[in-house]
Amino acid sequence: MKTSLTKIFNHATKFVVMLVAFFAVHGTEVRAQAKVVAYNASNPYQMGRFSHVKRVLLYNYTLGGHSKTPLLNSMTRLANKYGFQLDIGGTSSYITNATLAMDSANPVNVVVMSNGDGDVLQDATSLAAMKQFVQSKGRGLLQTHAAAAYIGCPNSGQENLTDANCRWLARVLVRQYLAHDPDPFYGRIYVDSVQTGQVPPRAPSGTAAATIMHGKKNQEFKSIFDSLPSNDGIVGGVQPGIWDSIGDEWYNYRGLVRLQGAQTFDGVLFGPIVILLSQDESAPYYNSSVAKMGDRTQAWARHVGLGLTAYNNAGHSDVYTRARKFRNVAVRDSVIEKFNWRLIRYLARDFVGCMTPGDNNYNPEASVEVLTAGIDNATPCAGNVQAILKSGSTYKGIRLESGHIRVATSETGNYQILVVDAKGTQYFNQHFVGGQGKNVDVPALSKGQYFVHVYSPKGASAIGVNIN
């Protein structure tokens, strides 16, 4: 009898421990805040001079039946990989000025909203906090999949372009869910490239020409798509910017998204929609599609006040880990997870900065110098090349010898060594922890002019190098 009671006690204890562990990760209904992943300052991404994703809040609250687990798992993987702090919240009143920590030393940079299935900001305090977070503080909001569904407007249902009393999230999104293909529906996703004055390919008859640049043609967004895998899953491989057999519950929307220009609500400017990803409805898959539009957009972005917002249709279920096929060969590259990460970085302004290759403040991933006045540096390029090295010479710990570059990294702390040519093409970009007697050797370079950028614990420098 004693043994049986002991076993029962042990099982009960294990159950309590498991329950506590479960709620520590998943139980935002129980805890006011859960830190799923802590900040890791030694992570190579976090050591980057232009890395701004330090803390992300996943608002894992939904009014419907969509699963919250796939995005939570994906965001947890990203946080562990890139070292940012990940918080989760799952109650209707979770979002406040305090949980967003807007004026603290460790503010949330980006809020990610999962499958909302309605307006998840019906709580007045949460709505006010999010509006301030985006519109006034200039921070970022990413919404995924069913976040664009069932947000009613008093006078117009979900046709939300003219209703002055529309909910704030409806105004951010512009268009909402109308119909979808079954999950998984295997489609072809591509980086949009419609230019100003063009009618999108296969758009419905009578569609007006685009009034702004979209996707990779838009200067603000072009770096988002750099170094993503191509159709065959290899960076720089076959058909870059195109991905076949991406399986998800792809949406159609209540009207074309692309043609929405700037709007003003309550004195706040909502910028024009920029389409980033679209579905290729000419692909063979679409013979069975029940949700064709001709111009079927799947991811877009817009400015809202001082802040930035984006939407990505992907995320119904396990799209982040589901294998796809290219030419009947299985590819598992998590391209949607990678794209979400690029959107988060855009929303945190990783792609803003100096675009002049020889400047001390050169950002190799910048695609635009200034996004929002008052938030971004209006004059990001502030310094010039400090010296031009020829073979056999040394300057500030940088030595050039027979096409080889050695950089002394003797200060204790984090270094980033970056080598680009006059066009900004990267040849070397690595992070190091420096210390007494340490050096970094750059692989041999061919003839030409290069710029060696050294971001050390004491500051930044740019040295020109001529290799003859």
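## Focus on the overall build of the protein chain
Scanning the protein chain for helices and strands turns up 6 helices and 25 strands. In the protein chain, which comprises 468 residues, the share counted as buried stands at 54%. Summarising the internal contacts of the protein chain: among those between residues at least 6 apart in sequence, 69% fall at separations of at least 24. For the protein chain, the exposed surface amounts to about 20,000 Å²; the carbon and sulfur share of it is 53%.

## Quick word on the state of the cysteines
By definition, a disulfide links two cysteine residues through a covalent bond between their sulfur atoms. Summed over all chains, the structure comprises 1 disulfide. Disulfide partner of Cys 354: Cys 381, at an S-S distance of 2.0 Å. Across the disulfide from Cys 354 to Cys 381, rotation about the S-S bond amounts to roughly 105 degrees, and the bridge is consequently right-handed. With Cys 354 in the loop between α6 (335-347) and β17 (387-389) and Cys 381 in the loop between α6 and β17, this pair connects stretches of sequence that are 27 residues apart. With relative accessibility at 1%, the residue Cys 354 sits in the buried group.

## Notes on the sheet that holds strand β18 (residues 394-395)
Strand order in this open sheet of 4 strands is β18-β19-β20-β23, and the pairing throughout is antiparallel. With partners counted over all chains shown, the strands left at the sheet margins are β18 and β23 (439-442), one partner each. The sheet contact formed by strand β20 (residues 404-408) and β23 spans 4 bridges and is antiparallel. From the neighbouring strand, Ile 405 faces β23, where its bridge partner is Val 442.

## A short note on the sheet that holds strand β24 (residues 448-456)
Reading across the sheet, the 5 strands line up as β17-β25-β24-β21-β22 and stay open at both edges, with mixed pairing between neighbours. Lying at the two open borders of the sheet, with one neighbouring strand each, are β17 and β22 (426-434). Across the sheet, the mean angle separating the axes of adjacent strands is 20 degrees when strand polarity is ignored. Pairing of strand β21 (residues 413-421) with β24, which is carried by 6 bridges, proceeds in the antiparallel orientation. Its bridge partner being in β24, Asp 421 is matched across the sheet by Tyr 450.

## Digging into the nonpolar core
Soluble globular proteins tend to bury their nonpolar side chains together. Judged by nonpolar contacts, the single largest core of 51 residues is most densely connected at Met 75, Phe 84, Val 112, Leu 276, Phe 339, Ile 344 and Tyr 346. When residues of this core are assigned to their parent elements, the largest contribution, 8 residues, is made by α6. Not counting chain neighbours up to four residues away, the residues in contact with Tyr 346 comprise Glu 220, Phe 221, Ile 224, Ala 301, His 303, Leu 308, Phe 351 and Leu 371. Ranked by size, the runner-up nonpolar core spans 42 residues in total, among them Tyr 61, Phe 133, Ala 170 and Val 268.

## Concerning α6
Taking 1.5 Å per residue as the helical rise, α6 with its 13 residues ought to reach 18 Å, and the 18 Å between its terminal C-alpha atoms agrees with that figure. Of all 13 residues that make up α6, 12 are buried, and the element is covered over most of its length. Restricting attention to buried positions, one finds in α6 the residues Val 335, Ile 336, Glu 337, Phe 339, Asn 340, Trp 341, Arg 342, Leu 343, Ile 344, Arg 345, Tyr 346 and Leu 347. Immediately downstream of α6, the backbone of Arg 349 shows phi near 75 degrees, a positive value.

## A few points about the pattern of salt bridges
On inspection of all chains with the given rule, the structure shows 19 salt bridges. Between Arg 77 and Glu 337 there is a salt bridge, with its nearest N and O atoms 2.7 Å apart. Note that Arg 77 is positioned in helix α2 (residues 69-82) and Glu 337 in helix α6, a separation of 260 residues in sequence. The exposure class of Arg 77 is partly exposed, given its relative accessible area of 35%. Note on Glu 337: relative accessible area 10%, which makes it buried. For Arg 345, the salt bridge is made with Glu 365, and the minimal N-O distance between the two is 2.6 Å.

## A closer look at the pairing of strand β7 (residues 185-191)
Along any regular strand, the residues point their side chains to alternate faces of the sheet. Within β7, 5 of the 7 residues are buried, which leaves the element mostly enclosed by the surrounding structure. In this sheet, strand β8 (residues 242-248) lies alongside β7 in antiparallel orientation, the contact comprising 5 bridges. Counterpart to Ile 189 in the pairing with β8 is Trp 243.

## Quick look at the packing of α2 against α6
As a packed pair, α2 and α6 sit with axes 11 Å apart at the nearest point and diverge in direction by 65 degrees. Classified by the angle their axes make, α2 and α6 are roughly perpendicular. Handedness of the crossing formed by α2 with α6: right-handed. In this structure, α2 contributes Leu 71, Ser 74, Met 75, Arg 77, Leu 78 and Tyr 82 to the contact, and α6 contributes Glu 337, Asn 340, Trp 341 and Ile 344. Considered class by class, the residues forming the contact of α2 with α6 number 6 nonpolar, 2 polar and 2 charged.

## Observations regarding the packing of aromatic side chains
Enumeration according to the criterion identifies 17 aromatic pairs in this entry. Ring geometry for Tyr 427 and Tyr 450: centres 5.3 Å apart, planes at 85 degrees, overall edge-to-face. In this pair, Tyr 427 sits in strand β22 while Tyr 450 sits in strand β24, placing the two residues 23 residues apart along the sequence. Residue classification places Tyr 427 among the partly exposed residues on the basis of a relative accessible area of 40%. Here a set of aromatic residues connected by ring pairs shows up, and it is made of Tyr 150, Tyr 177, Tyr 251, Tyr 253, Trp 300 and Tyr 311.

## A few points about helix α4 (residues 124-136)
Here α4 contains 13 residues, and its C-alpha end-to-end distance of 17 Å stays within 8% of the 18 Å for a straight helix at 1.5 Å per residue. Count one or two residues on from α4 and you reach Gly 138, which has phi positive near 75 degrees.

## Topic: unusual backbone geometry
A cis geometry characterises the amide bond from Asp 183 onward to Pro 184, with omega recorded as -5 degrees. In this structure, Val 174 takes a positive phi of about 80 degrees despite not being glycine. Overall, the relative accessible area of 1% leaves Val 174 in the buried class.

Reading guide: rules and limits
- Residues numbered from 1 in each chain as written.
- Predicted model: local features only at pLDDT ≥ 70, side-chain atom pairs only at ≥ 80, totals over all residues.
- Heavy atoms only, no water.
- Helix = DSSP H or I, 4+ residues; strand = E, 2+ residues; numbered from the N terminus.
- Buried < 20%, exposed > 50% of the residue type's maximum accessible area, 1.4 Å probe, protein only.
- Contact = heavy atoms within 4.5 Å.
- Areas by Shrake-Rupley, 256 points an atom, 1.4 Å probe, with all protein chains shown as cover.
- Disulfide = S-S within 2.5 Å.
- Pairing = 2+ DSSP bridges.
- Axes fitted to C-alpha atoms, helices over the stretch in contact; angles between N-to-C directions.
- Core = buried A, V, L, I, M, F, W, Y, C linked by side-chain atoms within 4.5 Å.
- Expected span 1.5 Å × (residues − 1).
- Salt bridge = Lys/Arg side-chain N within 4 Å of Asp/Glu carboxyl O.
- Parallel < 35°, antiparallel > 145°, perpendicular 65-115°, else oblique.
- Left-handed = near helix turned anticlockwise from the far one by under 90°.
- Nonpolar A, V, L, I, M, F, W, Y, C, P; charged D, E, K, R; others polar.
- Phe/Tyr/Trp six-rings, centres within 6.5 Å; stacked < 30°, edge-to-face > 60°.

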